[in-house]
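In case you want the letters, here they are:
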Amino acid sequence: MRFPSSRLAVAVIFAALLGIAALAQTGSRGFDPANMCTTCNACEDFYTYANGGWLAKNEIPAAFSVWGTTSNLREKNIGVLRQILEDADKNTTAPAGSNERKIGEFYASCMDEPRIEGLGVKPLAQEMAAINKMKTTRDLPAVLGRLHDLSVRSLFNFGAVQDFKNSSVVTAIAGQGGLGLPDRDYYLKDDEKSKSVKAAYGRHVENMFKLLGDDPAQAATEAQVVLRIETDLANLSLDRVARRDLSKQYNKMTLADMKAVTPSFDWDAYLKALKAPKFADVNMAHPVFFKGVDSMLGTVSIEDWKTYLRWHLVHDAADALPTAFVNENFDFYGKTLNGTKELQPRWRRCVLATDGVLGEALGEVYVKKAFPPEAKARMKELVNNLTAALRDDIQTLKWMSELTQKQAIAKLESFAVKIGYPDKWRDYSSLKIERTAYADNLIRAGQFEVHRGLAKIGRPVDKTEWGMTPPTVNAYYNPLMAEIVFPAGILQPPYFDLSADDAVNYGAIGGVIGHEMSHGFDDQGRKFDLKGNLSDWWTAEDAKNYTERATCVEQQFSDFRVEEVGMNQNGKLVLGESIGDLGGLKIAWLAFQKSLQGKPRPANIDGFTPEQRFFLGWAQVWGRNQRTEAIRQQLLTDPHPLGRFRVNGPLSNMPQFAEAFSCKLGDKMVRPEDKRCQVW
Ligand SMILES: [Zn+2]
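Notes on the structure in this doc start here. (Residues numbered from 1 in each chain as written. Predicted model: local features only at pLDDT ≥ 70, side-chain atom pairs only at ≥ 80, totals over all residues. Heavy atoms only, no water.)

## Some details on the overall build of the protein
Within the protein one finds 28 helices and 11 strands. Expected size for 680 residues packed as a compact globule is a radius of gyration near 26 Å; at 25 Å, the protein falls within 12% of this value. A principal-axis box enclosing the C-alpha atoms of the protein has dimensions of 80 × 55 × 50 Å. Of all 680 residues assigned to the protein, the portion counted as buried reaches 59%. (Helix = DSSP H or I, 4+ residues; strand = E, 2+ residues; numbered from the N terminus. Rg over C-alpha atoms; globule rule 2.2 N^0.38 Å. Buried < 20%, exposed > 50% of the residue type's maximum accessible area, 1.4 Å probe, protein only.)

Structure (structure tokens):
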């Protein structure tokens, strides 16, 4: 889940588009023995055994920071989208204002580089003028509200989200934000690498001010102002580990109370400029942050606030501006932060931008073209089989009381399952798109998205809504909706192969299904009940037993060393994902075993037993070549462990794995019984 939810598409619209390039398509198939390293030892390092051949043969393309065994699938989907958009652009017979017209025109506006060059920074002129007109900090809330109305992120986040404790209603939420680096730690850590990244960020901010036309000395001073303000905000911010816990971010109060927390900030002026609907209650998710912002309003000069807002305006809009801005933006966010060598081609950035802005209009055409109905039917069957396996599994857990088991099963059975694409497509009729105005299109799209979110406040929850677009190669569990969701994009090889044997499919997509289900029962997901409310349904004894088991997983992951960057995984940050993998694989395994019952044993294929193919199926979706900068960023900011640990971590706890590959106690992939972790 992302937070606040209304930021979902906004993040995609203006996100630094990190290097990606066109590639010749190679056909994908589920599990391919040619990708293995058959001279490697499965019992020492199964990740390399399963992927070593692939890893050696596939260098990271210049415009990527990560290149893995699922990258070709992603590229294939993007290729399909490109074709759809080019066709839509040419089809002048589609009615004006129709979705087909909109996606074609949006894409065309993005591709029109000469026009974008010609406009320069004119699309930002109005907002720059509003910022420059501020006289005192009392003027700040109205200008900030105006920027937030256009989805320009700065100072804090404001949006709408389901009430964590009453998920049937949507409330307003105000949360920390306003940073240009990916995390607070980038400002606060004082090791050499962190200091050099922070210095490079300062140079980047300075360069962007120069591109806006400021003189070099002034730009250097302005960059220091931005760094100072953002470092103060970083100091006030919760870290990523704390933010995994929504119970620590639930501070529901009246609007009047919120005003009392920040007496120097005029919320009425802000909300009016934002055009927010009326509301009585708000979740001020990070009160310490807002108290700090309030005192900064008394100490930071209005000139410095202007500098800070100008920076965030140009930063958020960088990809809609002329090449000089795009390149400078890539130079820091692509090269310095992720080690990417080259900017991705324009068409690819424009496909992703269209997916971000009009994702369901584009996705509707995509699924007609690329998603066979058989895939949906087969997925439904797999999900049912895994649900049955988890239900059986819960009943065998000796550490959990019968009462908690019953509640867990009720929760499992309440999960809504979404497969492929939404039943109800998003309505874009109020979003105006023009062929000749890329930046304006993005601004209106940002506004559309902000207000689509805000309009939900006080209204019943729309259960049909999706948080990912159909072509996305990913899946999610949303605790507030009590649902697991699998977009069409991921239901293809190597995750899911209609022509492959069951063993491989249970290991790959079965593992993914099990992973998402297990999120409902990971260290955070378990705190939500069957209706999607934060509410404690655990007996004290069961909760204690659970925590012991979760701590086992946390410690295993904290021990994983990543030599190339001299860092360890942060077990606390990746705990939920790691429990998801461990639980998910076990459930997928049980479902696979059940599927074999009463049937003749499947023959070996490519020389591997069905059991071996199950584990190879899982391992081969996690092969990744990754630049050291991108590894470092992942370790610092991503709740997902590196691919190698998503394979070797869970499998080393599974006796079923050791048996399948005849691994012995003493082998690296076999943990002694008293060191094994098992949650579900
Ligand atoms: Zn996950």
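## Concerning the coordination of the zinc ion
Around the zinc ion, the protein contributes the donor atoms His515 (NE2), His519 (NE2) and Glu577 (OE), which lie 2.0 to 2.1 Å from the metal centre. When the donors of the zinc ion are listed by position in the chain, the intervening gaps give H-x3-H-x57-E. Here the residue His515 occupies a position in helix H22 (residues 509-519), and Glu577 occupies one in helix H24 (residues 575-596), the gap between them amounting to 62 residues. As far as the burial class goes, His515 and Glu577 line up, both buried. (Donors = N, O, S within 2.8 Å, 3.2 Å for Na, K, Ca; no water.)

## Considerations on the sheet that holds strand S8 (residues 483-487)
Read across the open sheet, the 3 strands follow the order S6-S8-S7; overall the sheet is mixed. Only two strands of the sheet have a single neighbouring strand rather than two, namely strand S6 (416-420) and strand S7 (476-478). Geometrically, the sheet is characterised by an average inter-axis angle of 15° between neighbouring strands, direction not taken into account. Examined bridge by bridge, S7 and S8 share 3 bridges and lie antiparallel to one another. Within the sheet, the bridge partner assigned to Tyr476 lies in S8 and is Val485. Across the sheet, H22 lies against S7 and S8, angled at about 150° from S8, the strand it touches most. (Pairing = 2+ DSSP bridges. Axes fitted to C-alpha atoms, helices over the stretch in contact; angles between N-to-C directions. Contact = heavy atoms within 4.5 Å.)

## Observations regarding the nonpolar core
Counting residues in each nonpolar core, the largest one holds 200 residues, and the members touching the most others are Phe46 and Phe158. Core analysis: the second largest hydrophobic core is formed by 9 residues, Val161, Ile173, Tyr250 and Phe528 among them. (Core = buried A, V, L, I, M, F, W, Y, C linked by side-chain atoms within 4.5 Å.)

## Observations concerning helix H13 (residues 267-274)
Buried residues of H13: Trp267, Tyr270, Leu271 and Leu274, and no others. Buried residues of H13 fall within an arc of 90° about the axis and therefore sit on the same side. Two to three positions downstream of the cap, the backbone nitrogen of Asp268 sits 3.1 Å from a side-chain oxygen, assigning the N-cap of H13 to Asp266. Within two residues after H13, Lys275 carries a phi angle of roughly 60°, on the positive side. (Arc of directions from axis to C-beta. Polar contact = N/O pair within 3.5 Å; in protein donor to acceptor, adjacent residues only side chain to side chain.)

## Quick look at empty space enclosed by the protein
Counting across every chain of the model gives 6 cavities of 30 Å³ or more. One number sums up the size of the second largest cavity: a volume of about 50 Å³. In this structure, the second largest cavity is lined by Tyr186, Lys193, Val197, Thr336, Leu337, Glu629, Arg632 and Gln633. Listed by contribution, the elements that provide at least two residues to the lining of the second largest cavity are helix H9 (192-211), helix H16 (323-338) and helix H26 (628-637). Among the elements that make up the lining of the second largest cavity, the one with the highest residue count is H26 (3 residues). A breakdown of the residues in the lining of the second largest cavity according to their chemical character gives 3 nonpolar, 2 polar and 3 charged. (1 Å grid on protein atoms, 1.4 Å probe; cavity = no way out; pocket = protein on both sides within 12 Å on 5 of 7 lines; lining within 4 Å. Points joined across faces, edges and corners; volume = space filled by probe spheres on them. Nonpolar A, V, L, I, M, F, W, Y, C, P; charged D, E, K, R; others polar.)

## Quick notes on H9
Note that an α-helix has 3.6 residues per turn; residues three or four places apart therefore point the same way. Compared with the 28 Å implied by 1.5 Å per residue over 20 residues, the 29 Å span of H9 between its first and last C-alpha is a close match. Taken together, the buried positions of H9 are occupied by Ser194, Val197, Ala200, Tyr201, Gly202, His204, Val205, Glu206, Met208 and Phe209. Immediately downstream of H9, the backbone of Gly213 shows phi near 105°, a positive value. (Expected span 1.5 Å × (residues − 1).)

## Comments concerning the pairing of strand S3 (residues 166-176)
Of all 11 residues in S3, 8 are buried, a share of seventy percent or more. By the bridge criterion, 3 bridges tie S3 to strand S5 (residues 281-284) in an arrangement that is parallel. From the neighbouring strand, Ile173 faces S5, where its bridge partner is Asn283.

## Thoughts on the state of the cysteines
Throughout the structure, instances matching the rule amount to 4 disulfides. The disulfide partner of Cys37 is Cys40, and the S-S distance across this bridge is 2.0 Å. Handedness of the Cys37-Cys40 disulfide follows from its S-S torsion of about 80°: it is right-handed. Across a sulfur-sulfur distance of 2.0 Å, Cys110 and Cys350 are joined as a disulfide pair. Of note, the bridge from Cys110 to Cys350 carries an S-S torsion of about -80° and is left-handed in sense. (Disulfide = S-S within 2.5 Å.)

## So, the sheet that holds strand S4 (residues 252-254)
Read from one edge of the open sheet, 4 strands run S2-S3-S5-S4, paired in mixed fashion. The strands lining the two open edges of the sheet, one partner per strand, are strand S2 (156-163) and S4. The average angle at which neighbouring strand axes cross in this sheet is 35°, direction not considered. Contacts from H13 reach S2, S3 and S5 within the one sheet, and its direction differs from that of S2 by about 75°.

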